[in-house]
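# Chain and residue survey
Now for the letters of each chain:
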Amino acid sequence: MRIAINGMFWSEPHVGSGQYLHNLVRYLAEQPGGHRYILIVPRYRLGTQRKPALPFFQTVSMPTPFDTRHEQLAKLWFEQIAFGQAARKLRAHVWHVPYFGPPRVAPAPLVVTVHDLIPLLLPEYRGGRAVQAYMRLAAAATRRADLILADSQHTRQDLLGRLGVPAARVLVTYLAAGDELHPRPEAQVRAVRERFGLDADYVYYIGGFDARKNVATAIRAFARARRQLNRRVVLALAGRVPAAPSELFPDIHSVILEEEAAADVALLGPVSAEEHAALLSGCAAFVYPSRYEGFGLPPLEAMQCGAPVLAAATTSVGEVVGDGGLLLDPDDVAAWSAALARVLSQPALRDDLRRRGLARAARFRWSETAAQTRAAYERLKRR
């Protein structure tokens, strides 16, 4: 069987959809199941990113009339026209679009992976008229898909409730953390701590600063917990903080000042994959109070590196973390503060959370994601 996969995000391996695509392609190549795969990428986005040199994979780049003129129209043309042209020409038996952007018309069985429905569900993320029109098109096309893969049970329920698709057409295929994320040796952790000036025990956060991430709760909880301790601790926030606050990006600087925590909050800026793994390995706690996620990869990465995890109990975050961490109401600052104070003051609790997190993370593997995805292709072929 020949399976065509939309490679729109191949050139962005560090964003969520790009991580998913790269790992899916890698593990499908390792367990092809007798199938041939065709990765169809937009020529205008390929740039210097290498095409995959993997067994059982053929890569085709497709141009659009808008490649050098209008990026948004080029993307739309690729999704709705060019991808299908290539898939038909290569006589693909199944088409797979691994993100929320499938073609409205697909003469072959169509699989769509939906990571979340954030722009349809959260007002701050709806965007302008063009974004809203695109989301209506994506929603209508997804309703027509033969099979939808959801990252979590929570996202599956969103699909059933918001898009009204039949339950039998929506399957859950969990994601996983990358193999490069594992507990790092003490010497490596120490070197990274010195690089960022983390000279005390630290609480770590990474995952973005947009509204749903609820970073203010992490800051307030940390500030109040540190007042209960008789030693210095630091809150290390990784990632690029937006230059100007907005409805989508609340002002975290004002929260830091309001809580009188400026001396103990370290804004690390962007970190590399190696630095990220070391920071997770060495932290006294990882906090993730996000109000909404389609999956919630950062706390899974933290558990896989042996970090004690405190996470929101809501949406898919609680589903993924399970018994591998402490789950809390994302907006209950008092509960977060009390839990963080306990973790920071009780070494036995930290050790217990590390063990539980590692055991929980071991249940999520990209090889299993790829196997379930391949089974979905075969299910459509049989149909």
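Note: the structure precedes this text.
Quick summary incoming for the structure in this document. Every chain is numbered independently, its residues counted from 1 as its sequence is written. Confidence filtering applies because this is a predicted model: local features only for residues at pLDDT of at least 70, side-chain atom pairs given and counted only at 80 or more, and all residues used for totals across whole chains, interfaces and linings. Neither water nor hydrogens contribute to the side-chain values; these are computed over all heavy atoms in the structure.

## Overview of the side chain of R184
If you trace the backbone, R184 turns up in the loop between β7 (170-172) and α7 (186-196). The exposure class of R184 is buried, given its relative accessible area of 11%. Whenever two N or O atoms come within 3.5 Å, that pair is a polar contact, provided that in protein one can donate a hydrogen and the other can accept it, and provided that, for residues adjacent in sequence, both atoms are side-chain atoms. In this structure the side chain of R184 is engaged in a polar contact, spanning 2.4 Å, whose partner is the backbone oxygen of E180. Whether two residues are in contact is decided by their heavy atoms: any pair within 4.5 Å suffices. Once residues within four sequence positions are removed from consideration, R184 is found in contact with V189, E274, A277, A278 and S281. Each helix corresponds to a stretch of at least 4 residues labelled H or I by DSSP, and each strand to a stretch of at least 2 residues labelled E; elements are numbered beginning at the N terminus. When accessible area is computed with a 1.4 Å probe and restricted to protein chains, residues below 20% of their type maximum are described as buried, those above 50% as exposed, and intermediate ones as partly exposed.

## Topic: the pattern of salt bridges
A pairing counts as a salt bridge when a side-chain nitrogen of Lys or Arg comes within 4 Å of a carboxyl oxygen of Asp or Glu. Tallying each qualifying case throughout the model produces 22 salt bridges. The partner of R190 in a salt bridge is E186, and the shortest N-O contact between them spans 3.6 Å. Here E186 and R190 lie together in helix α7, a separation of four residues that amounts to about one turn. Classification of R190 by relative accessible area gives partly exposed; the value is 43%. Residue classification places E186 among the exposed positions, given a relative accessible area of 62%.

## Some details on the state of the cysteines
Pairs of cysteine sulfur atoms within 2.5 Å are what we label disulfides. For the structure shown, the criterion picks out zero disulfides. Lacking any disulfide linkage, C283 is separated from the closest cysteine sulfur, that of C305, by 8.8 Å. The buried category is assigned to C283, whose relative accessible area is 0%. Classification of C305 as buried rests on a relative accessible area of 2%.

## Topic: helix α10 (residues 273-282)
Of all ten residues in α10, seven are buried; the element is thus mostly enclosed. Of all the positions in α10, only E275, H276, A277, A278, L279, L280 and S281 are classed as buried. If you follow the buried residues of α10, they end up packed against α7, β8 (201-205), β10 (265-269), β11 (285-288), α11 (297-304) and α14 (347-361).

## A few points about the sheet that holds strand β12 (residues 309-312)
Across the sheet, six strands lie side by side as β10-β9-β8-β11-β12-β13; this open sheet has parallel pairing. The sheet is open, and its two edges are formed by β10 and β13 (326-328), each paired on a single side. Within this sheet the neighbouring strands show an average axis-to-axis angle of 25 degrees, counted without direction. Here strand β9 (residues 233-238) runs beside β10; their pairing, made up of four bridges, is parallel. Bridging across to β10, A236 finds its partner in A266. To obtain each axis, a line is fitted to C-alpha atoms, and for helices this fit is confined to the stretch in contact; angles are then taken between N-to-C directions over 0 to 180 degrees. Seen against the sheet, helix α13 (residues 333-345) touches β8, β9, β11, β12 and β13 and runs at an angle of roughly 170 degrees to β12. We treat two strands as partners when DSSP finds at least two bridges between them.

## Concerning helix α3 (residues 71-89)
The angle between axes fitted to the seven residues ending at a residue and the seven residues starting there is what we call the bend at that residue. Helix geometry: α3 is bent most strongly at F78, by close to 50 degrees. All buried positions along α3 are accounted for by A74, K75, F78, E79, A82, F83, G84, A86 and A87. Elements in contact with the buried residues of α3: β1 (2-6), β2 (36-42), α2 (43-46), β3 (57-62), β4 (94-97) and α5 (129-143). Backbone geometry just downstream of α3 places R91 in the positive-phi region, at approximately 55 degrees.

## Section: the nonpolar core
Membership of the largest hydrophobic core comes to 94 residues, with the highest contact counts inside it found for I5, Y204, F286, L300, L310, L340 and Y377. What L310 contacts, discounting residues up to four positions off in sequence, is A285, F286, V287, Y288, L326, L328, W336, A339, L340 and V343. Residue types Ala, Val, Leu, Ile, Met, Phe, Trp, Tyr and Cys, when buried and joined through side-chain atoms within 4.5 Å, form a set referred to as a nonpolar core. One finds M8, A82, A87 and W95 within the second-largest nonpolar core, a separate group that totals 36 residues.

## Focus: the pairing of β3
Counting buried residues in β3 gives five out of six residues, a clear majority hidden from the surface. Bridge count between β2 and β3: six bridges; the pairing is parallel. Bridge pairing in β3 places Y37 opposite F57.

## Concerning the pairing of β11
Residues of β11 alternate between two faces, with A285 and V287 on one and F286 and Y288 on the opposite face, all of them buried. Of the strand pairs in this sheet, β11 and β12 are connected by three bridges, and their pairing is parallel. Along β12, the bridge assignment pairs Y288 with A311. Following the chain from β11 across α11 to the adjacent parallel β12, one finds a crossover that is right-handed. Here the term right-handed applies to a crossover when the path leading from its first strand over the helix to its second strand runs clockwise, the strands being oriented away from the viewer.

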